[in-house]
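So you can see what is in the structure, the chains are spelled out below.
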Amino acid sequence: MKILVIDDDQAMTELLTLLLKPASSSIIAAYSGPQGVEMARTEKPDLITLDLMMPDMSGWEVCKAIRQFSSTPILILSALDSPGLVATALDAG
């Protein structure tokens, strides 16, 4: 299984890589929204984890961009806690 981790926080990306590595064969990381979209297109991961709060391109924008060409499952990880965010995330794809 190939997992793409998209997060601008390198420490969080490294932590997720450590946690997910035993359960999967390959973890790849992107440190910005545009890089994540490009890696989703070229690497064709089986699962994507996505942070919402990133500079340049928000997680919402990344999700919508990936949904233009892929139906890969996207797991949104965020420190934000609001019932409205769940609905917004589902609407974004």
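Residues numbered from 1 in each chain as written. Predicted model: local features only at pLDDT ≥ 70, side-chain atom pairs only at ≥ 80, totals over all residues. Heavy atoms only, no water.

### Some details on the confidence of the model for the protein
Test applied: How sure the predictor is of each residue is captured by pLDDT, a score from 0 to 100. Helix numbering and strand numbering both begin at the N terminus, where a helix is a DSSP run of H or I of at least 4 residues and a strand a DSSP run of E of at least 2.
Residues with a pLDDT of 70 or more make up 84% of the protein, whose mean pLDDT is 87. Taking the mean pLDDT of every element in the protein, the minimum, 64, falls on helix α4 (residues 83-92) and the maximum, 97, on helix α2 (residues 33-43).

### Thoughts on the pairing of strand β3 (residues 47-51)
Both faces of the sheet carry side chains from a regular strand, because those side chains alternate between them. What counts is decided by this rule: Partly exposed residues are those whose accessible area sits between 20% and 50% of the maximum for their type, while under 20% is buried and over 50% is exposed, using a 1.4 Å probe and protein chains only. A pair of strands is treated as paired once DSSP finds two or more bridges between them. By convention a crossover is right-handed if, when the strands point away from the viewer, the path from the first strand over the helix to the second runs clockwise.
Counting buried residues along β3, four of its five residues qualify, which places the element largely inside the surrounding structure. Note that β3 and strand β4 (residues 74-77) share four bridges and pair parallel. Each bridged residue has a counterpart across the sheet, and for Leu50 the counterpart in β4 is Ile76. Remark: the β3/helix α3 (residues 59-67)/β4 crossover connection has right-handed handedness.

### Considering the packing of α2 against α3
Rule in force here: Note on geometry: axes are C-alpha line fits, over the in-contact stretch for helices, and angles between N-to-C directions span 0 to 180 degrees. Should an angle lie under 35 degrees it is considered roughly parallel, over 145 roughly antiparallel, and from 65 to 115 roughly perpendicular; all remaining angles are considered oblique. Left-handed describes a crossing in which the near helix is turned anticlockwise from the far one by less than a right angle; the clockwise case is right-handed. We call two residues contacting when some pair of their heavy atoms lies within 4.5 Å.
The geometry of α2 relative to α3 is characterised by a closest axis approach of 10 Å and an angle of 20° between their N-to-C directions. If you check the angle between α2 and α3, you find them roughly parallel. Note on packing geometry: the crossing formed by α2 with α3 is right-handed. Facing Gly33, Val37 and Ala40 of α2, the residues of α3 in contact are Val62, Ala65 and Ile66.

### Notes on the sheet that holds β3
In any sheet, the strands associate via hydrogen bonds between backbone groups, in a parallel or an antiparallel arrangement. One open sheet accounts for four strands, arranged β2-β1-β3-β4; its pairing is parallel. In the strand order of this sheet, the two ends are held by β2 (26-30) and β4, each with one partner. Each adjacent strand pair in this sheet contributes to an overall mean axis angle of 20°, direction not counted. Relative to β3, strand β1 (residues 2-6) is paired through four bridges, and the arrangement is parallel. Bridge pairing links Leu4 to Ile48 in β3. Strands in contact with α2 are β1, β2 and β3; relative to β2, the strand with the most contacts, it is inclined by about 145°.

### A word on unusual backbone geometry
In this model, Lys44 sits at a positive phi of 50°, which is unusual for a non-glycine residue. Tracing the chain through its elements places Lys44 in the loop between α2 and β3. Using a relative accessible area of 61% as the deciding quantity, one classes Lys44 as exposed. With a phi angle near 70°, Asp56 is a residue other than glycine that sits in the positive phi range. Note that Asp56 resides in the loop between β3 and α3.

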